[in-house]
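Descriptive structure summary
Okay, here's what each chain looks like letter by letter:
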Amino acid sequence: MERTLIILKPDAVQRHLVGKIISRFEEKGFQVTGLKMTRITEAMARKHYAVHEGKDFFKPLIRYISSGPLIVMVLKGKDAIEVARKMMGSTFGSKAESGTIRGDYAVSTRFNLVHGSDSPETAEKEISIFFKKEELFDYNLNDLQWIYDMSMGDIV
Ligand code: UDP
Ligand code: MG
């Protein structure tokens, strides 16, 4: 089981898409293990997007992500990082495939509604930026045996 950090960016909040986007991840079968509305300071934003420092879109990206309240959540599931990014679609809204979150609801190259971690290392780093230990919950999902085939011991 893998963890990923998902952000519903300020445009998702402003455009009343929070419920829809969370539903997509829930319906897919992910377990929500942490969820809150918060604001991100410029310092947190710079840390979160450190890989993009120096790029031409870095400054407007920091302004965008810290421009209003956003939703952060931690999802748990098999191959959660890859699956969530597939559900988000490619970065630019106008290029993202229909059926994905960005493909269905975004047209902008910057205002693209969602963030998802891109590797296990960045996921752990990003989760630690946004969540304290006591804000994350370890609990049993009763229908897990219907989301995955666990009858043979492993998760398929
Ligand atoms: N972004 C932008 N201009 C670009 C590329 C990216 O404004 O040319 C923004 C966009 O909001 C994107 C974020 O910067 O989601 C991080 O970029 P990245 O390449 O990591 O895309 P992602 O991982 O979000 O698909
Ligand atoms: Mg990225």
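Our subject is the structure listed above.
Please read all numbers here as calculations on a predicted model, not as lab measurements.

**Examining the packing of helix H2 (residues 18–28) against helix H5 (residues 80–88)**
Direction vectors running N to C along H2 and H5 enclose 135°, while the axes themselves pass 11 Å from each other. With respect to each other, H2 and H5 are oriented oblique. Two packed elements cross with a definite hand, and for H2 against H5 that hand is right-handed. Residue-level inspection shows Arg24, Phe25 and Lys28 of H2 in contact with H5, the latter providing Val83, Ala84, Met87 and Met88. Taken together, the residues of the contact of H2 with H5 sort by class into 5 nonpolar, no polar and 2 charged.

**Here we look at the pattern of salt bridges**
Taken as a whole and judged by the stated rule, the model has 6 salt bridges. One salt bridge connects Arg24 with Asp104, and the closest N-O pair in it is separated by 2.8 Å. With Arg24 in helix H2 and Asp104 in helix H6 (residues 101–105), this pair connects stretches of sequence that are 80 residues apart. Note on Asp104: relative accessible area 36%, which makes it partly exposed.

**Observations concerning the nonpolar core**
Within the largest apolar cluster, 21 residues are counted, with the highest numbers of intra-cluster contacts made by Ile6, Leu8, Ile21, Phe25, Phe30, Met73 and Leu75. Those elements that place two or more of their residues in this core are strand E1 (2–8), helix H1 (10–14), H2, strand E3 (70–77) and H5. The element best represented in this core is H5, accounting for 4 residues. Formed by 18 residues, the second largest nonpolar core is a distinct cluster that contains Ile40, Ala45, Phe58 and Ile129.

**With respect to the packing of aromatic side chains**
The final tally for this structure, using the stated rule, is 2 aromatic pairs. Judged by centre distance (6.3 Å) and plane angle (50°), the rings of Phe25 and Phe30 are tilted. Phe30 shares its class with Phe25; the two are buried. Cation over ring: Lys36 sits above Phe131, and NZ or CZ is 4.9 Å from the ring centre.

What counts and what doesn't
Residues numbered from 1 in each chain as written. Chains lettered and ligands numbered in written order. Predicted model: local features only at pLDDT ≥ 70, side-chain atom pairs only at ≥ 80, totals over all residues. Heavy atoms only, no water. Axes fitted to C-alpha atoms, helices over the stretch in contact; angles between N-to-C directions. Helix = DSSP H or I, 4+ residues; strand = E, 2+ residues; numbered from the N terminus. Parallel < 35°, antiparallel > 145°, perpendicular 65-115°, else oblique. Left-handed = near helix turned anticlockwise from the far one by under 90°. Contact = heavy atoms within 4.5 Å. Nonpolar A, V, L, I, M, F, W, Y, C, P; charged D, E, K, R; others polar. Salt bridge = Lys/Arg side-chain N within 4 Å of Asp/Glu carboxyl O. Buried < 20%, exposed > 50% of the residue type's maximum accessible area, 1.4 Å probe, protein only. Core = buried A, V, L, I, M, F, W, Y, C linked by side-chain atoms within 4.5 Å. Phe/Tyr/Trp six-rings, centres within 6.5 Å; stacked < 30°, edge-to-face > 60°. Lys NZ or Arg CZ within 6 Å of the ring centre and 35° of its normal.

Interpretation note: all reported values are geometric properties and have no functional meaning in isolation.
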